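Chain and residue survey
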Amino acid sequence: MRMRNKQRKTTILGWNAGSRCSMPTLIWSLVGFLLLLHFYSTLHKTDKVEETQLQMSHPSFQELQVVEEENIQIPPPRGRRSPRAAKRRPKKKTTLIDEFLDENSPIRHVFFPDRRSAVDPTKDTGNDSSYYFPGRMWLDTEGNPIQAHGGGIMYDPRSRMYYWYGEYKDGPTFIAPKGIARVDIIGVSCYSSKNLWTWRNEGIVLAAEEANETHDLHKSNVLERPKVIYNEKTGKYVMWMHIDDANYTKAAVGVAISDYPTGPFDYVFSKQPHGFESRDMTIFKDDDGMAYLVYSSEDNSELHIGPLTEDYLDVTPVMKKILVGQHREAPALFKHDETYYMITSGCTGWAPNEALAHAAESIMGPWETVGNPCIGGSKMFKLTTFFAQGTFVLPLAGLPASFIFMADRWNPADLRDSRYVWLPLIVGGPADWPLEYNFGFPSWSRVSIYWHRKWRLPSGWSDIKR
Ligand code: DGJ
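Counting starts from 1 at the beginning of each chain's written sequence and moves along it residue by residue. The model is predicted, so local features are restricted to residues of pLDDT at least 70 and side-chain atom pairs to those at 80 or more, both for listing and for counting; the totals for chains, interfaces and linings are taken over all residues. Note that the side-chain values use all heavy atoms of the structure and ignore hydrogens as well as water.

UniProt positions are given in the numbering used here, feature names are shortened, and annotations may be inferred rather than shown by experiment. The Sequence similarities (unreviewed entry) field of the UniProt record for the protein chain holds the comment "Belongs to the glycosyl hydrolase 43 family."

Printed below as a string of structure tokens:
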């Protein structure tokens, strides 16, 4: 007897919807397709890894990855330590961090060498020309110490210049009522350079308010971590910064705007983004022109990330909480090979602590922690981010996978004398904690920051066309 089956229809794929063997066939085809897709993406990833390995074997990369070791001896125990050092773990054995925080330490010069060893582009520095000396004083083209702490760098293709913005801290250090060391706001400084080594002082581009005590920029408040990006649509340079009162209870972001990279910037307003506390922060401009704010929130226990409006003057209502419960601050975000990376610090005031690298496929997360990026120096150098705290990661145009990690070696006894620790950062190789796997291949590459007592960018780097 012929079975009637009016419902059976042939689909456009030629698959008979009622057939008993059709469902497994479809599932197997799908599995096959997915396997092929993964095989392709794995191959693609392997190609990328090999490409990066090839670049990393180039002599200029190898020079950046030379690891230098340090063997700093802790001096024998002595009388009373400075209160700042004594307050920390009074009963435990003295560590190098205690020595670092003790302004009377006999090895103070190791962390804060004096002016005689300053990097001075106004003098004939002979063989040391173009070399970075992390931790040494660094002078501008007028012979004055560069004052651009907690800063960041913007490359401006219009003027073909790098602009370094930071906190101008050249005043006395006070202790605020809650015991935190601070300086009065003087303003945001700007320095310009073509080669990232010789810096010309362009002056204070956003100045403190002297008279109006209710103004965010009144000198008695706090202005930290200024960052500037350019908005192609409006033709404006937009600055975001951490705005606070002397006791860090306001916890807000401030925004300023200018027609020129060298200012003057007009202060627009401050707010708590998305209605949340915001302390250490950064902004990041993606390749597609979208910009994002990242800030430490909820008592610094988590970071928040969200896109800025098209004009970069505000946040949008979209926000994601990331690294929740991890207590990270000083975020510095960068991108390599369609992956987003971020370096953060722990939360120990001005005292140094361990940096961590994080990675994400989408900027809005999820973000994963991939390990401590610091290599070389010593165990203590690794655990203290080379006695410094990150502030920005600058891509080195023309040198794939290469960046400069910019950090501040804070001097809480005299904040104006805080130093800069710039080191090469390279993305490549397998991560230490590759939590995420993609068919046996870790999704993230290692982020490595190499300690150097002295180092320079590969020769001819500044002539590379951007
Ligand atoms: C750590 C932050 O990263 C710095 O910017 C500054 O706010 C200090 N804390 C203040 O203690």
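Next comes the rest of the write-up.
Concerning the overall build of the protein chain
Counting from the N terminus, the helices are DSSP H or I runs at least four residues long and the strands are E runs at least two residues long. Scanning the protein chain for helices and strands turns up 6 helices and 25 strands. In the protein chain, which comprises 466 residues, the share counted as buried stands at 51%. The contact definition used throughout considers only heavy atoms, calling two residues in contact when any of these lie within 4.5 Å. For the protein chain, restricting intrachain contacts to residue pairs at least 6 apart in sequence, the fraction spanning at least 24 positions comes to 54%. Computed with a 1.4 Å probe, the accessible areas rest on the Shrake-Rupley method; for each residue, only the protein chains presented here act as cover. Carbon and sulfur atoms provide 56% of the accessible area of the protein chain, an area that totals close to 22200 Å². Summary of the burial criterion: residues with accessible area below 20% of their type's maximum are buried, those above 50% are exposed, and those between are partly exposed, where the area comes from a 1.4 Å probe applied to protein chains only.

Section: the site of the ligand
Taken together, the neighbourhood of the ligand is formed by Ile-180, Glu-224, Arg-225, Tyr-248, Asp-280, Glu-329, Gly-349, Trp-350 and Gln-389. Between N or O atoms, a polar contact is any pair within 3.5 Å; within protein, one atom must be a potential hydrogen donor and the other a potential acceptor, and residues adjacent in sequence are included only when both atoms are from side chains. Take Glu-224: an N or O atom from its side chain is 2.6 Å from an oxygen atom of the ligand. Within the backbone of Gly-349, a nitrogen or oxygen atom sits 3.4 Å from a nitrogen atom of the ligand. For the ligand, the protein covers 91% of the area, taking 300 Å² as the surface of the free molecule. All residues other than Ala, Val, Leu, Ile, Met, Phe, Trp, Tyr, Cys, Pro, Asp, Glu, Lys and Arg, Gly among them, are scored as polar; the first ten of these are nonpolar and the last four charged. Of the residues contributing to the shell around the ligand, the split by class is 3 nonpolar, 2 polar and 4 charged. The criterion for a residue being near a molecule or strand is simple. One of its heavy atoms has to lie within 4 Å of it.

Here's the deal with the sheet that holds strand 22 (residues 419-430)
Strand pairing follows a simple DSSP-based rule, namely that at least 2 bridges must link the two strands. Read across the open sheet, the 5 strands follow the order 19-25-22-21-20; overall the sheet is mixed. Both outer strands of the open sheet, strand 19 (374-375) and strand 20 (389-395), are each paired with one neighbouring strand and no more. With 8 bridges joining them, strand 21 (residues 402-409) and strand 22 adopt antiparallel strand pairing. Paired with Asp-408 across the bridge in strand 22 is Tyr-420.

Focus: the packing of aromatic side chains
Side-chain rings of Phe, Tyr and Trp, where Trp is taken by its six-membered ring, are said to pair if the distance between their centres is within 6.5 Å; with planes under 30 degrees apart they count as stacked, over 60 as edge-to-face, and otherwise as tilted. With the rule as written, the count across this model stands at 26 aromatic pairs. Taking the centre distance of 5.2 Å and the plane angle of 35 degrees together, the rings of Phe-100 and Phe-387 count as tilted. Of the two residues, Phe-100 is situated in helix 4 (residues 96-101) and Phe-387 in the loop between helix 6 (379-383) and strand 20; the sequence distance between them amounts to 287 residues. This pair shows no difference in class: Phe-100 is buried, exactly as Phe-387 is. Aromatic side chains Trp-350 and Trp-410 sit 4.7 Å apart centroid to centroid with 65 degrees between the ring planes, which places their arrangement in the edge-to-face category. Here the residue Trp-350 occupies a position in the loop between strand 16 (339-345) and strand 17 (356-360), and Trp-410 occupies one in the loop between strand 21 and strand 22, the gap between them amounting to 60 residues. What makes Trp-350 buried here is its relative accessible area of 15%. Taking relative accessible area as the criterion, Trp-410 reaches 3% and is therefore assigned buried.

Things to note about unusual backbone geometry
With omega at 5 degrees, the peptide bond leading from Gly-263 into Pro-264 counts as cis. Tracing the backbone shows Pro-264 in the loop between strand 9 (252-258) and strand 10 (266-271). A cis amide bond links Gly-365 to the next residue, Pro-366, at an omega of 0 degrees. Of note, Pro-366 is situated in the loop between strand 17 and strand 18 (368-371).

What about the pattern of salt bridges?
The salt bridge definition used is simple: a Lys or Arg side-chain nitrogen within 4 Å of an Asp or Glu carboxyl oxygen. Tallied over the full model, the rule gives 25 salt bridges. A salt bridge links Glu-202 to Arg-200, with the nearest nitrogen and oxygen atoms 3.1 Å apart. Among the residues examined, Glu-202 registers a relative accessible area of 24% and is labelled partly exposed. Taking the shortest distance from any N to any O, the salt bridge between Glu-232 and Lys-285 comes out at 3.0 Å. Residue Glu-232 is found in the loop between strand 7 (222-231) and strand 8 (236-244), and its partner Lys-285 is found in strand 11 (residues 281-285); the two are separated by 53 residues along the sequence. Assessed through its relative accessible area of 51%, Glu-232 is described here as exposed. Under the relative-accessibility criterion, Lys-285 is labelled partly exposed at 26%.

A few points about the nonpolar core
Nonpolar core, defined: a set of buried Ala, Val, Leu, Ile, Met, Phe, Trp, Tyr and Cys residues in which side-chain atoms within 4.5 Å join the residues together. The biggest cluster of nonpolar side chains holds 63 residues, and the ones touching the most others in it are Trp-164, Leu-196 and Trp-422. Per element, the largest residue contribution to this core is 7 residues, and it comes from strand 22. Of all hydrophobic cores here, the second largest spans 19 residues; its members include Val-188, Cys-190, Met-241 and Ala-256.

Quick look at the environment of Pro-264
What makes Pro-264 exposed here is its relative accessible area of 64%. Separated by 61 residues in the primary sequence, Pro-264 and Gly-203 have C-alpha atoms spaced 9.4 Å apart. Filtering out sequence-adjacent residues up to four positions away, Pro-264 remains in contact with Val-205, Ile-257 and Ser-258.

As for the pairing of strand 15 (residues 329-336)
In terms of burial, strand 15 is a largely internal element, 8 of the 8 residues being buried. Sheet analysis places strand 15 next to strand 16, joined by 6 bridges and oriented antiparallel. Directly across from Phe-334, in strand 16, lies its bridge partner Tyr-341.

Here's the deal with the side chain of Asp-120
Considering the arrangement of structural elements, one finds Asp-120 in the loop between helix 5 (108-111) and strand 1 (149-156). Given a relative accessible area of 7%, Asp-120 falls into the buried group. When sequence neighbours within four positions are dropped, the list of residues in contact with Asp-120 reads Thr-125 and Leu-139.

Re empty space enclosed by the protein
With a 1 Å grid laid over protein atoms only, a set of points is called a cavity when a 1.4 Å probe fits there but cannot get out and a pocket when it is open yet has protein on both sides within 12 Å along at least five of seven lines; lining residues have an atom within 4 Å of a point. Grid points are joined across faces, edges and corners, and a volume is the space filled by probe spheres set on the points. A full pass over the atoms with the stated rule returns 3 cavities of 30 Å³ or more. Of the voids in this model, the largest cavity is the one considered here, and its volume is about 110 Å³. Around the largest cavity, the lining comprises 17 residues; the ones closest to its centre are Lys-169, Val-183, Asp-184, Ile-185 and Leu-223. Elements with a contribution of two residues or more to the lining of the largest cavity: strand 2 (161-168), strand 4 (181-182) and strand 7. Among the residues forming the lining of the largest cavity, the class breakdown is 10 nonpolar, 2 polar and 5 charged.

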